[in-house]
Amino acid sequence: MVNNRIELNKVFIDALPVLDKLNTAGFEAYFVGGSVRDALLGKEVNDVDIATSAFPLEVKHLFKKTIDVGIEHGTVMILSGNNSYEITTFRTESTYQDFRRPDSVTFVRSLKEDLKRRDFTINALAMDREGIIHDYFKGKEDLKSRLIKAVGIPDERFNEDALRMLRATRFASQLDFEIEENTVNAIKKHARLLEHIAMERIQIEFVKMLLGRSKNKGLIYFIETDLYVYCPGLDRQGLEGLINIEEDFENELQIWVSYLLLSSLKFNQHRGFLRSWKLSNKMIQDIEIVYNTIQERLHKQINVKTVYKVGINLSLETEKVLDLLGYPSNLGLVESTYNSLPIYSKKELAVSGSDLLKLTDHNAGKWLGDLLEQIEQAVLDKEIENDYSQILEWITDKQLIPEQKEI
Ligand SMILES: Nc1ccn([C@@H]2O[C@H](COP(=O)(O)OP(=O)(O)OP(=O)(O)O)[C@@H](O)[C@H]2O)c(=O)n1
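The rules we used
- Residues numbered from 1 in each chain as written.
- Predicted model: local features only at pLDDT ≥ 70, side-chain atom pairs only at ≥ 80, totals over all residues.
- Heavy atoms only, no water.
- Near = heavy atom within 4 Å.
- Polar contact = N/O pair within 3.5 Å; in protein donor to acceptor, adjacent residues only side chain to side chain.
- Areas by Shrake-Rupley, 256 points an atom, 1.4 Å probe, with all protein chains shown as cover.
- Helix = DSSP H or I, 4+ residues; strand = E, 2+ residues; numbered from the N terminus.
- Domains from an automatic or database assignment.
- Buried < 20%, exposed > 50% of the residue type's maximum accessible area, 1.4 Å probe, protein only.
- Contact = heavy atoms within 4.5 Å.
- Pairing = 2+ DSSP bridges.
- pLDDT = per-residue confidence, 0-100.
- Patch = residues over 30% accessible without salt bridge, like charges linked within 9 Å, V, L, I, M, F, W, Y side chains within 5 Å.
- Salt bridge = Lys/Arg side-chain N within 4 Å of Asp/Glu carboxyl O.
- Phe/Tyr/Trp six-rings, centres within 6.5 Å; stacked < 30°, edge-to-face > 60°.
- Lys NZ or Arg CZ within 6 Å of the ring centre and 35° of its normal.

> Tell me about the site of the ligand, residues and numbers included.
Taken together, G33, G34, R37, R118, D119, N123, D161, R164, R167, R170, F171 and K208 make up the full set of residues near the ligand. In this structure, a nitrogen atom belonging to the ligand sits 2.9 Å away from a side-chain N or O atom of R164. With the chains in place, 71% of the 560 Å² that the ligand exposes on its own is no longer accessible. Residue assignment for the shell around the ligand shows that the elements contributing at least two residues are helix 2 (34-40) and helix 7 (163-175). If one sorts the elements of the shell around the ligand by residue count, helix 7 sits on top with 4 residues. Looking at the shell around the ligand, you find at least three residues from each of domain 1 (1-145) and domain 2 (146-231).

See the structure below:
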């Protein structure tokens, strides 16, 4: 074990009274997991997880305000000042029958036992109230070598929770780390186990991977290990398309729209695909709006009437997805077409409905609407200018005014 002290930042300092209370009562208590990893990497830490040798009922006994968030797995939430913390009892996870979460946990008093059941060495680090790092599995060394490596035997870790395979690709992307060789090989071997995992959990990891700063690294592992094969509807073409996008994704909407545009999915398969990923109805609706708008632009943008109708007031998201996919020049074309339109609505026509009524003794009716539409089209097509006499001349030539009624 390598011990090293680091300077605690504010999030950790705020939580010290919690550790102190546990320590004073004779229990061990540590910061664990992502917060310790991120602190060592010099990254911003927003929340901390605490692990302790105290059993859940002992934790509940010590703190006034507690909530049982996952007490059967050893987690109790406590309220301290304005903050809340999840405190989890050291545990081992014994029988995993379904490759998802432990179906029975055993509480233990040893930190090392607890760290041993964690997914990767870089996540199996603990830090005490003095800032001393407790590192039983060479996690610090792997942080330095920028490696994601399973704790102990990779097969066992992935059999315990198959989602960890996807987490490996997510961390590769977020941290710009490589995945250690034995760990990658185990993922290749067990990729199929992903079939046992709830789509909601898969979706969260997949999106986090694509929002990571090294999405291509994550995606390459995701493809090479065949993990993608066991996610519904994904195809290699779409995923490779995502690799070719140079810009980073800023949000989930951009990811899904880009994927739909790049994959070989047919239009009538989109909704089923999005539903199978368990996206919310609101997200599916947003994706469809942006997707349809983009299609409109890509395929009909030089059609003056379309540009006229839809205008260019399209969402910022659309702009960004188009940008991501490398279509800026098309946008320019839509914009210049839009800017050179002679009119932007029927109201701007130099001839009004009442002007036209003066030319005949017929009452207003469908014919009037149709005529205005014909004039609008001719002006948009630049067949005539938007000028009173030119328009009258044009409708007279074409005999578009209804004849006088017979008396
Ligand atoms: N399938 C999982 C999920 C989590 N963990 C352990 O639980 C910790 C907390 O998990 P989580 O909050 O999901 O992830 P973090 O590592 O904290 O990363 P982040 O907060 O950036 O998502 C991890 O560090 C890891 O030690 C694990 O061993 N196996």
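On we go from here.
> Which residues make up unusual backbone geometry, and what values do they have?
Within the chain, K138 stands out as a residue other than glycine whose phi angle is a positive 60 degrees. Tracing the chain through its elements places K138 in the loop between strand 10 (132-135) and helix 5 (139-144). Although it is not a glycine, R146 adopts a positive phi angle of roughly 55 degrees.

> Could you give an account of the side chain of T183, with specific residues and numbers?
Tracing the sequence through the fold places T183 in helix 8 (residues 181-190). A residue is classified by how much of its surface remains accessible, and T183, at 0% relative accessible area, is buried. Setting aside its immediate chain neighbours within four residues, T183 contacts F120, I148, K149, A150, P154 and F158.

> Summarise helix 10 (residues 215-224); cite the residues concerned and give the values.
It helps to recall that an α-helix has 3.6 residues per turn; residues three or four apart then point in one direction. Taken as a whole, helix 10 has its buried residues at K215, G218, L219, Y221, F222 and I223. On its buried face, helix 10 sits against helix 7, strand 12 (178-179), helix 8, helix 9 (199-211) and helix 11 (236-244). Positive phi shows up at D226, right after helix 10, with a value of about 70 degrees.

> How would you summarise the pairing of strand 3 (residues 49-52) if you had to cite specific residues and measurements?
Consecutive side chains along a regular strand alternate between the two faces of the sheet. Judged from the 4 bridges that link them, strand 2 (residues 29-32) and strand 3 form a sheet pairing that is antiparallel. Looking at the pairing, V32 lines up with D49 of strand 3. Relative to strand 6 (residues 83-89), strand 3 is paired through 4 bridges, and the arrangement is parallel. Opposite D49, over in strand 6, you have E86 as the bridge partner.

> Before we move on, could you go through the confidence of the model for the protein chain and cite the residues and values that matter?
The predicted structure's coordinates, where accompanied by low pLDDT, should not be read in detail. On average, residues of the protein chain carry a pLDDT of 89, and 88% of them reach 70 or more. Scoring of the predicted complex yields 0.77 for pTM and 0.98 for ipTM.

> I'd like to hear about a nonpolar patch on the surface, residue by residue, with values.
On the surface, a cluster of nonpolar side chains totalling about 220 Å² of accessible area is made up of I67, V69 and L79. Within the element layout of this structure, L79 appears in strand 5 (residues 75-80). Given the relative accessible area of 36%, L79 is considered partly exposed.

> Can you tell me about the pattern of salt bridges, naming the residues and giving the values?
Taken as a whole and assessed by the stated rule, the structure comprises 25 salt bridges. Two residues, D68 and K60, come together in a salt bridge whose shortest N-O distance is 2.7 Å. Among the residues examined, K60 registers a relative accessible area of 27% and is labelled partly exposed. Two residues, E288 and R271, come together in a salt bridge whose shortest N-O distance is 2.7 Å. Taken as a pair, E288 in helix 14 (residues 281-300) and R271 in helix 13 (residues 270-276) lie far apart in primary sequence, 17 residues in all. By relative accessible area, which is 18% here, E288 ends up buried. Linked through salt bridges whose partners overlap, the residues forming this network are E156, R157, E160 and R164.

> Provide a residue-level description of the packing of aromatic side chains, including the pertinent values.
Scanning the model with the defined rule gives 14 aromatic pairs in all. Here the aromatic rings of Y259 and F273 are separated by 5.4 Å at their centres, their planes lie at 25 degrees, and the arrangement is stacked. In this pair, Y259 is assigned in helix 12 (residues 252-262) and F273 in helix 13, connecting sequence segments 14 residues apart. A relative accessible area of 1% means that Y259 is categorised as buried. Following the ring pairs from residue to residue traces out a cluster consisting of F206, F222, W256, Y259, F273 and W277. One residue, R170, lies across the ring of F171, its end atom 4.3 Å from the ring centre.

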